[in-house]
Amino acid sequence: MEHYHMNLTLKVWRQKNNQSKGNFETYQVKNISSEMSFLEMFDVLNEQLIVEGKEPIAFDHDCREGICGMCSMYINGQAHGPWQQNTTCQLHMRAFKDGDTIVVEPWRSTAFPVVKDLVVNRSSFDRIIQAGGYISVNTGNAVDANAIPIDKKDADDAFMAAACIGCGACVATCKNGSAMLFVGAKVSQLALLPQGGPERESRVLNMVAQMDKEGFGNCTNTYACEAECPKGISVANIARLNSEYLKAGLSSEEA
Amino acid sequence: MALDAKIPQGEMDKKWSDYKGHVKLVNPANKRKLEIIVVGTGLAGASAAASLGELGYKVKAFCFQDSPRRAHSIAAQGGINAAKNYQNDGDSVFRLFYDTVKGGDYRAREANVHRLAEVSTAIIDQCVAQGVPFAREYGGLLSNRSFGGTQVQRTFYAAGQTGQQLLLGAYSALERQISLGNVEMFSRHEMLDVVTIDGKARGIIARDLTTGKTERHFGHAVLLCSGGYGNVFYLSTNAMGSNVTAAWKAHKKGAYFGNPCFTQIHPTCIPVSGDHQSKLTLMSESLRNDGRIWVPKAKGDNRAPKDIPEIERDYYLERRYPAFGNLVPRDVASRAAKERCDEGYGVGTTKMAVYLDYKDAIMRYGKIEASKHGMVSPDDKTVFNLGKQVVEEKYGNLFEMYEKITGENPYETPMRIYPAVHYTMGGLWVDYELQTTVPGLYALGEANFSDHGANRLGASALMQGLADGYFVIPYTLGNYLADDIRTSSIPTDHPAFEAAEKEVTDRLNRLMNIKGKQTVESFHKRLGRIMWDECGMARSEKGLKQAISQIQDLKKEFWSDVRIPGDINEFNSELDKAGRVADFIELGELMCIDALNRNESCGGHFREESQTEDGEAKRDDENYRYVAAWENIGDSEWQLHKEELNFEIVKPSQRSYK
């Protein structure tokens, strides 16, 4: 792999807090190695800003290995930047070339208010999980783990849905700010497993109700969420969510 | 103060059941009046907060991330051990116990480890019931794989994302308790002090990281589930935010720190690429199930790996340790990689790497698949493609991660790997009940020192975090709180809260007022360099003494020249980081003092002065068969207390994996 260095122009969204109005600021960074991660490039910029006596750019990040779901930058008009199935922290600078201008914004959605600069508040996702994204089993209640065999395909599909990292890229990238992929993934995971059976109907109804309450938009099947999802969560999960919702709605009306 | 580990009397395999049978209980009406603070929401914290909420206690949980689901347990890849013996390959509670004590190089407390092995099976049951999608076989039953330091298959997994799935299980249980009102969650909050009243932990001072305001929170007990301190080395596989601050504040308030120098350097990580590096990424130990580790037999061989013929490759783990081969424990594998690189056999541009090669495994799996499909003498390419699919299913996300970071395709060319700091076996000293030396203050998961001795076996961290949170603390905490049912909530205008908050705000002001020239990051990097060079994979008296004086100088420089932009009462990541680095500097000094004191090699702690003729770690049971528990008695001053380790069952011997 050939390595190289580059100079870049960055246009970054700056916003002091939730109350203030934000704006783009332009920065130059020099001698960036193609081996750096995108966030390491931001580290360089922030160190530069601190030395210059300016305030560094606030951004969320933690594990830097693509699994915690904390990093959340909208880079050149794409959630998590140009690479497919990738988080911001795993994007590396070899995706760019010398002289490039890179525009960086926070997630933008009514349900994700900006906290500062590129940091947003995603607690709405936690509240959706609180509404039903669990199986009600107190510690100590479980039967032997092998007591209930599960079809490997169902287990694999449940795992694929459960791989969601809750980053919110699906919402940020959706023109309607819809959280259907996030909700669909959790509903699917638990609907595919026998353990999720008893609460199947109340779960989907409550989670969707909370999703609406939080101000997320509706799904109009553009599939941008799937295209930008760093974990490749399939829109088939949205279809399953719709079908689960419909079934639950019907049976709850009967009752 | 004499250390009392409060190990129950009786036979090893009866201790825990006897303890549970006689432990004091708190009735449901009283539980509702008792408040518990849980700091950290990883596997230990989330499982503890959820389980205690289910029992009816009033719980407050804190995490510094934006959601409890982000805790770094989420990044654990390979798996979780449990003595289920589903594979019928001779596993048992005793074997898991034995392997863990031996793997820890006889520096763990037997009674704790036995309990861990006992509750391991219930963890798997609980997780499956929560909907954790573990890997399964075609018959619908759970799949297992092997990990280092064992000869059975007892590791349960969910591709290379086991930690994520287990944490999301615990997180969902926690969110359920939040929705029921049993747990109150404080995200983007950092604990900055423990409040003690009449010698007992009675609450914490926390800082809201969004507004910068400090807050007082009362609790009848405080549980620290705040993880490990690997980031003292700057570069580690820990998340950027992982820190020692909660544990360190507790230490300064009287909790002893156990075996601080016991650090796990994980053998298979992606090597450092340059000075810009902010963290290191692990390639799961599970890869050593199928991958083979090698370097060229000739020094400075610069050929591409595919051009180096089989006969000219040195599979040094298989050569040195035929019984365990590539699956020797982590400390052994790391030292062996360092030895080859130090001798000049390393590969890649920096020469500080070895190969982890999947070619043989891909072809082996390919042949099995071809035969399953009834193919007669398929060509190599077909076999390779079939095998690649199998490897992809087992380790796909890890291979992808490697490619994203390095730009190289690990299916085609072997991965380059090198050891990196991964886990800390040391932590707050706790007794059998997980209580620190401060009454009412507990430490769970990686934050305590108890179960892994001087070296943790792979897939055992997840097991311990969940054991502590789901199955240990709900019993042991009740034993303490049963005597506390008459204590009503203490108002937070109590002088002790006032004094603790003042201490916290004074320190924040002091940090902000330094207004120096150097960034927090630059100090952290320098600390990391000192720690890695002198308190890393090899340690010596001379190096450690030098490191201690360098760290003391660094501390002075930090407190006179650090530059923190912004204000206290706002979102200020640099201020958050400055407080953590200041604590890491103090911890670094203690780690070196501990490493200097322990003039023996054991597990991950390798003193150059104490090795066998063939370069293996040489323990000194006569002089160091103890847990070093350090009491802070002043600025840069510590007193050593020893907890003698008595081995009733597993008799210490020179560990051999040959």
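Residues numbered from 1 in each chain as written. Chains lettered and ligands numbered in written order. Predicted model: local features only at pLDDT ≥ 70, side-chain atom pairs only at ≥ 80, totals over all residues.

Draft legend 1. Summary view of the overall build of chain B. Helix and strand content of chain B: 17 helices and 21 strands. A compact globule built from 658 residues would reach a C-alpha radius of gyration of about 26 Å, and chain B, at 24 Å, matches this within 12%. At a minimum sequence separation of 6, the contacts of chain B that also span at least 24 residues come to 73%. (Helix = DSSP H or I, 4+ residues; strand = E, 2+ residues; numbered from the N terminus. Rg over C-alpha atoms; globule rule 2.2 N^0.38 Å. Contact = placed C-beta atoms within 7 Å.)

Draft legend 2. Layout of the domain arrangement of chain B. All names here are of chain B. When the domains of chain B are assigned, the result is domain 1 (266–421) and domain 2 (495–626). A C-alpha centroid distance of 33 Å is found between domain 1 and domain 2. Opposite the six residues of domain 1 that make contact, domain 2 presents five residues. Residues belonging to the side of domain 1 that touches domain 2 are distributed by class as follows: one nonpolar, one polar and four charged. (Domains from an automatic or database assignment. Nonpolar A, V, L, I, M, F, W, Y, C, P; charged D, E, K, R; others polar.)

Draft legend 3. Region of interest: the sheet that holds strand β16 (residues 427–428) of chain B. Residues and elements named next belong to chain B. Here four strands make up an open sheet; going across it, the order is β16-β10-β20-β21 and the pairing antiparallel. Looking at the sheet topology across the chains shown, the edges are occupied by β16 and β21 (637–644). Sheet analysis places strand β10 (residues 257–258) next to β16, joined by two bridges and oriented antiparallel. Within the sheet, the bridge partner assigned to phenylalanine 257 lies in β16 and is leucine 428. Here helix α16 (residues 573–597) sits on the sheet in contact with β10, β20 (626–634) and β21, set at roughly 135 degrees to β20. (Pairing = 2+ DSSP bridges. Axes fitted to C-alpha atoms, helices over the stretch in contact; angles between N-to-C directions.)

Draft legend 4. Local environment of the environment of A:Ile75. Residue and element names in this part refer to chain A. Relative to the helices and strands, isoleucine 75 resides in strand β3 (residues 74–75). In the structure, isoleucine 75 is positioned 61 residues away from serine 136 in sequence and 39 Å away in space, judged by C-alpha atoms. If we skip the residues at most four places from it in the chain, isoleucine 75 touches His80, Gly81, Thr88, Ile102 and Val104.

Draft legend 5. Here's a closer look at the interface of chain A and chain B. Counting residues at the interface gives 66 residues for chain A and 65 residues for chain B. Secondary-structure elements contributing two or more residues to the side of chain A that touches chain B are α1 (38–51), β6 (114–116), α2 (123–130), α3 (152–162) and α5 (180–192) of chain A. Residue contributions to the side of chain A that touches chain B peak at seven residues, all from α1(A). In terms of residue class, the side of chain A that touches chain B is made up of 31 nonpolar, 19 polar and 16 charged.

Draft legend 6. Just the pairing of strand β2 (residues 23–33) of chain A, in detail. Residue and element names in this part refer to chain A. Among the eleven residues in β2, one count as buried, and that is only a small part of the element. Sheet analysis places strand β1 (residues 5–14) next to β2, joined by nine bridges and oriented antiparallel. When the bridges of β2 are listed, threonine 9 appears paired with glutamine 28. (Buried ≥ 20, exposed ≤ 12 C-beta atoms within 10 Å, placed from the backbone.)

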